[in-house]
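Each chain, letter by letter, is given below.
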Amino acid sequence: MKIACDIDNVVADFGKTIDKYAKYYNPEFDMRDVKDYDFRGVFPDGVFRKIVQNFQHSGEYRNMSTISGAVEANHRLYEKGHQVYFLTTRNYYPSIWMDTLFWLDKKGFKFEEMFHNLNLGKLPLIQTLGLEVLVDDDPKEIEEVSDKNIPCVIFDQPWNQEVNENLYVKRLSQWEWIVHYLDDLESIKNGKRQA
Ligand SMILES: [Mg+2]
């Protein structure tokens, strides 16, 4: 299957980086308390934008941790014949694009292509490329894509708890389970249900 996969907070632990910066302004801050996907709200006005802009000089994008199990799962997906396309809303700075490719390579991710700056939404690209499933933590992306009857996995995070499961939306918190789920989807698509 052709899989569309988000990067931040799905394979890269962007939350850990935000947590570090936010603690600078508020030592009591805890990323697990964030209930809104719009992370700008955890900083004083205008600060989030500056922080993200500063990433291009900071090397943060090259040094992020991976989400637990993400690399192993990515390799399993390729062993099973799936293809992964990374789709990210990270912005257009060439250095960020380079840092993201550097990071994916450094961590050993396998993928077909990486697209960034998709601030207008991932649905058009998913449809153009014929991608068959989306793995993302952004409630808006999940809603837009699942509304077109394209299956989605919402990667369980504190800030997307309002998203309900339905026929096209599955909530999962572990990459190991996502691999199983994607295999099941593939079987259903091929008309054979797994025992
Ligand atoms: Mg994300």
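Draft legend 1. Highlighting the pairing of strand β5 (residues 152-155). Taking every second residue as pointing to the same face, both faces of β5 are buried, with Cys 152 and Ile 154 on one and Val 153 and Phe 155 on the other. Here strand β4 (residues 133-136) runs beside β5; their pairing, made up of three bridges, is parallel. Note on β5: the bridge partner recorded for Val 135 is Val 153. Between the parallel elements β4 and β5, the chain passes through helix α7 (residues 139-146) in a crossover that is right-handed. Alignment of β5 against strand β6 (residues 169-172), held across four bridges, turns out to be parallel. Bridged to Cys 152 within β6 is Val 169.

Draft legend 2. Quick peek at the domain arrangement of the chain. Annotation of the chain at the domain level lists domain 1 (2-13 + 66-194) and domain 2 (14-62). Look at where the C-alpha atoms of domain 1 and domain 2 centre, and you get two points 22 Å apart. Residue-level contacts link 17 residues of domain 1 with 12 residues of domain 2.

Draft legend 3. Spotlight on helix α4 (residues 70-79). Buried residues of α4: Ala 70, Ala 73, Asn 74 and Leu 77, and no others. The buried side chains of α4 occupy one side of the element, clustering within an arc of 105° when seen end-on. Directly after α4, the chain includes Gly 81, whose backbone phi takes a positive value near 90°.

Draft legend 4. Region of interest: the sheet that holds strand β3 (residues 113-115). As summarised here, the arrangement of the six strands in space is β3-β2-β1-β4-β5-β6, forming an open sheet in which the pairing is parallel. With one partner strand each, in any of the chains shown, β3 and β6 form the two edges of the open sheet. Strand-to-strand twist of the sheet, defined as the mean angle between neighbouring strand axes without regard to direction, takes the value 20°. Packing against the sheet, helix α8 (residues 175-189) makes contact with β1 (2-5), β4, β5 and β6, and its axis sits at approximately 155° to β6.

Draft legend 5. Examining unusual backbone geometry more closely. The phi dihedral of Asn 9 is positive, around 65°, even though this residue is not glycine. Here Asn 9 shows up in the loop between β1 and α1 (14-25). The backbone of Asn 149 sits at a positive phi, close to 60°, despite the residue not being glycine. What makes Asn 149 exposed here is the crowd of 8 C-beta atoms within 10 Å.

Draft legend 6. The packing of α4 against α8, seen in detail. Their axes nearest at 8 Å, the elements α4 and α8 cross at an angle of 20°. Classed by the angle they form, the pair α4 and α8 counts as roughly parallel. Helix-helix and strand crossings are classified by hand; for α4 and α8 the assignment is right-handed. Contacts from Ala 70, Ala 73, Arg 76 and Leu 77 in α4 reach Trp 175, Glu 176, Ile 178, Val 179 and Leu 182 in α8. Looking at the contact of α4 with α8 residue by residue, the classes come out as seven nonpolar, no polar and two charged.

Rules behind the numbers
- Residues numbered from 1 in each chain as written.
- Predicted model: local features only at pLDDT ≥ 70, side-chain atom pairs only at ≥ 80, totals over all residues.
- Buried ≥ 20, exposed ≤ 12 C-beta atoms within 10 Å, placed from the backbone.
- Helix = DSSP H or I, 4+ residues; strand = E, 2+ residues; numbered from the N terminus.
- Pairing = 2+ DSSP bridges.
- Right-handed = clockwise from strand over helix to strand, strands pointing away.
- Domains from an automatic or database assignment.
- Contact = placed C-beta atoms within 7 Å.
- Arc of directions from axis to C-beta.
- Axes fitted to C-alpha atoms, helices over the stretch in contact; angles between N-to-C directions.
- Parallel < 35°, antiparallel > 145°, perpendicular 65-115°, else oblique.
- Left-handed = near helix turned anticlockwise from the far one by under 90°.
- Nonpolar A, V, L, I, M, F, W, Y, C, P; charged D, E, K, R; others polar.

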